Amino acid sequence: MMAASGKIASFRLPPLPTIGEVIKLYKLRATKQLSQNFLLDLRLTDKIVRQAGNLKGAHVCEVGPGPGGLTRSILNAGAADLLVVEKDTRFIPGLQLLSEAAPGKLRIVHGDILTYRMDRGFPSVISKPWEEDPPNLHIIGNLPFNVSTPLIIKWLEHMANRTGPFAFGRTRLTLTFQKEVAERLTASTASRQRSRLSVMAQYLCTVHSCFTIPGRAFVPKPAVDVGVVHFTPLAQPQILQPFKLVEKVVRNAFQFRRKYCYRGLELLFPEARRPELAEGMLRQADVDPTLRPTELTLGHFRALADAYAGLCSLDPGLAAYEFREELRLKRIIRKKGSPAPPCPPTGG
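Only a predicted model underlies this, so the values are computations on that prediction, with no experimental measurement involved.

Asker: Lay out the packing of aromatic side chains with the relevant residues and their values.
Answerer: For any pair of aromatic rings, geometry is given as the distance between the ring centres together with the angle between the planes. The final tally for this structure, using the stated rule, is six aromatic pairs. Between F122 and F168 the ring centres are 6.2 Å apart and the planes differ by 90°, which places this aromatic pair in the edge-to-face class. A residue pair is termed long-range when its members are at least 10 positions apart, and F122 in the loop between β4 (106-110) and β5 (137-141) and F168 in the loop between α5 (145-161) and β6 (172-178) qualify at 46 residues. Classification of F122 as buried rests on a relative accessible area of 6%. Owing to a relative accessible area of 4%, F168 belongs among the buried residues under this scheme. Measuring from centroid to centroid gives 6.1 Å for F177 and F231, while their planes differ by 70°, and the two rings are edge-to-face. A residue pair is termed long-range when its members are at least 10 positions apart, and F177 in strand β6 and F231 in strand β9 (residues 226-233) qualify at 54 residues.

Asker: Pulling in residues and values, what's your account of the nonpolar core?
Answerer: Counting 68 residues, the largest nonpolar core has W155, F177, F231 and L304 as the members making the most contacts within it. Per element, the largest residue contribution to this core is nine residues, and it comes from helix α11 (residues 298-314). Excluding residues that lie within four positions of it along the chain, W155 makes contacts with V63, I113, M118, I139, P165, F166, L173 and L175.

Asker: An account of the sheet that holds strand β7 (residues 205-213) is needed here, citing residue identities and associated values.
Answerer: An order of β4-β3-β2-β5-β6-β9-β7 is seen for the seven strands of this open sheet, with the pairing classed as mixed. Each end of this open sheet is capped by a strand with a single partner; those strands are β4 and β7. Pairwise comparison of adjacent strand axes, ignoring direction, gives a mean angle of 20° for this sheet. Bridge count for strand β2 (residues 59-63) against strand β3 (residues 81-86) is five bridges, and the pairing is parallel. Looking across to β3, one finds that V63 is bridged to V85. Of the strands in this sheet, β3 and β4 touch helix α4 (residues 92-101), which is tilted by about 165° from β4. Along the sheet face, α5 touches β2, β5, β6, β7 and β9 and points at about 150° away from the line of β6.

Asker: How would you explain helix α13 (residues 323-336) if you had to name every residue and give the values?
Answerer: Taking 1.5 Å as the rise per residue, α13 with 14 residues should run 20 Å; its terminal C-alpha atoms sit 20 Å apart, in good agreement. Three or more residues of α13 are buried, namely F323, E326 and I333. Down the axis of α13, the buried set is contained in an arc of 85°. They therefore lie on one face. Away from its buried face, by an angle of more than 90 degrees, α13 presents the exposed residues K335 and K336. Contacts made by the buried residues of α13 are with α8 (243-253) and α10 (274-285).

Asker: Tell me about the environment of E322, and please be specific about residues and values.
Answerer: Residue placement: E322 occurs in the loop between α12 (317-320) and α13. Each C-alpha atom of the pair E322 and K248 lies 9.3 Å from the other, and the pair is 74 residues apart in sequence. For E322, the contacting residues outside a window of four places in its chain are K248 and R251.

Asker: Tell me about the pattern of salt bridges, and please be specific about residues and values.
Answerer: Under the definition given, this model contains 16 salt bridges. Note that D41 is salt-bridged to R43, the shortest N-O span being 3.0 Å. The network of salt bridges with common partners includes R273, E276 and D315.

Asker: Outline the side chain of T294, supporting the account with residue identities and numerical values.
Answerer: One can find T294 in the loop between α10 and α11. In this structure T294 comes out as buried when scored by relative accessible area, which is 14%.

Asker: Lay out unusual backbone geometry with the relevant residues and their values.
Answerer: Even without a glycine there, the phi angle at R162 is positive, about 55°. Structurally, R162 can be placed in the loop between α5 and β6. A relative accessible area of 37% means that R162 is categorised as partly exposed. The phi dihedral of D286 falls on the positive side, at around 60°, and the residue is not glycine.

Asker: For helix α2 (residues 42-51), give the residues involved together with the corresponding values.
Answerer: Among all positions of α2, only L44, T45, I48 and V49 are buried. For α2, the arc enclosing every buried residue in end-on projection is 140°, short of the 170-degree limit, so these residues lie on one face. Along α2, exposed side chains directed more than 90 degrees from the buried face belong to R43 and R50. Residues of α2 that are buried in the fold lie against β1 (38-39), α3 (69-76), β5, β6, β7 and β9. Capping the start of α2, D41 holds a side-chain oxygen 2.9 Å from the backbone nitrogen of R43, two or three residues further along.

Rules used in this analysis
- The numbering scheme is per chain: residues are counted from 1 as the chain's sequence reads.
- Two thresholds apply to this predicted model, a pLDDT of at least 70 for residue-level local features and 80 or more for giving and counting side-chain atom pairs, whereas whole-chain, interface and lining totals are computed over all residues.
- For the side-chain quantities, the full set of heavy atoms in the structure was used; hydrogens and water were omitted.
- Each Phe, Tyr or Trp ring, with Trp reduced to its six-membered ring, pairs with another whose centre is within 6.5 Å; inter-plane angles below 30 degrees give stacked pairs, above 60 give edge-to-face pairs, and intermediate values give tilted ones.
- Comment: elements are numbered from the N terminus, with helices defined as DSSP H or I runs of at least four residues and strands as E runs of at least two.
- Between buried and exposed lies partly exposed: a residue is buried under 20% and exposed over 50% of the maximum accessible area for its type, with that area taken using a 1.4 Å probe on protein chains only.
- To form a nonpolar core, buried Ala, Val, Leu, Ile, Met, Phe, Trp, Tyr and Cys residues must be joined to one another through side-chain atoms within 4.5 Å.
- The contact rule is simple, with two residues in contact once any of their heavy atoms fall within 4.5 Å.
- Paired strands, as defined in this entry, are two strands with at least two bridges between them according to DSSP.
- Helix axes are fitted only over the stretch in contact, all axes being lines through C-alpha atoms; the angle between N-to-C directions runs from 0 to 180 degrees.
- In this analysis, the expected span of each helix is defined as 1.5 Å times one less than the number of residues it contains.
- Note: the arc covers the axis-to-C-beta directions of the helix.
- By definition here, a salt bridge exists when the distance from a side-chain nitrogen of Lys or Arg to a carboxyl oxygen of Asp or Glu is within 4 Å.
- Pairs of N or O atoms within 3.5 Å make up the polar contacts considered here, provided that, within protein, one atom can donate a hydrogen while the other can accept it, and that residues adjacent in sequence are counted only when both atoms are side-chain atoms.

Function-wise, these values are silent; they only describe arrangement.
So this is what it looks like as structure tokens:
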């Protein structure tokens, strides 16, 4: 269809019941167990979609569309192919209504985003080499609070491995989180909100805090405000070690937030050789052991991950060591009243 100017007319949805009317029509209620909160104001859903960039002709995956407010904004922004993944059966009829209003543009998957194989959801022809510009594929979602953190961790691992949504290249994400989680994701070194999540996200992506939506804009109103965050995967991650190894080092570093970083980092090693190995790793990484975890930069974490990987290559048993497991075995032995066995030897 051509507009008078000779340009292709942009797609607009035909008149539809409002989101509020859809909720009444299908007797939809947000369920607490799924931590659902609906965004009814289409000006706000339009604003979220604008953070993703130009969607004209784009492929988009929307996570948890619910009653379809954000879905309408994505379609009106000109997405050519929108795949929505919705776990809750109650929302499917309302989404089918939208699908009929946008023929050939909206595909509905009734499933769980945590297990859905997104690498199979789009044609491989849209893929772009990792080092080049991102593919014309976006992930957008107003995420339920209970799923947002496990989901972003899962996607960060996919990003590191270039699997799942990132099999197509450096797929961009525009997502909502509880304001506190959004602040942690974007927190800079030495800030109060700096955490494991800050480091894991920022070593793999450019993370941008877009804007905050007041809780009162949602139905039902959550006790917290909501932050919109945009992620663009980096062509070259800031740390080149395997994701699980980086996560282990970062998790241990933040074990005791208010203490010196060596207190958490030394727990990477079995008790019998803890001081010697922890000291060696910190010396090799050239990291001051008296820095607090929040003061460690991405450069520090890169050096620590590289030093730890070096120690693991000399002694493969270290990689499998978990201090919590050693503690658990000690407790069991204490209960039985027998002396603790010596720690299994690790090469030296």
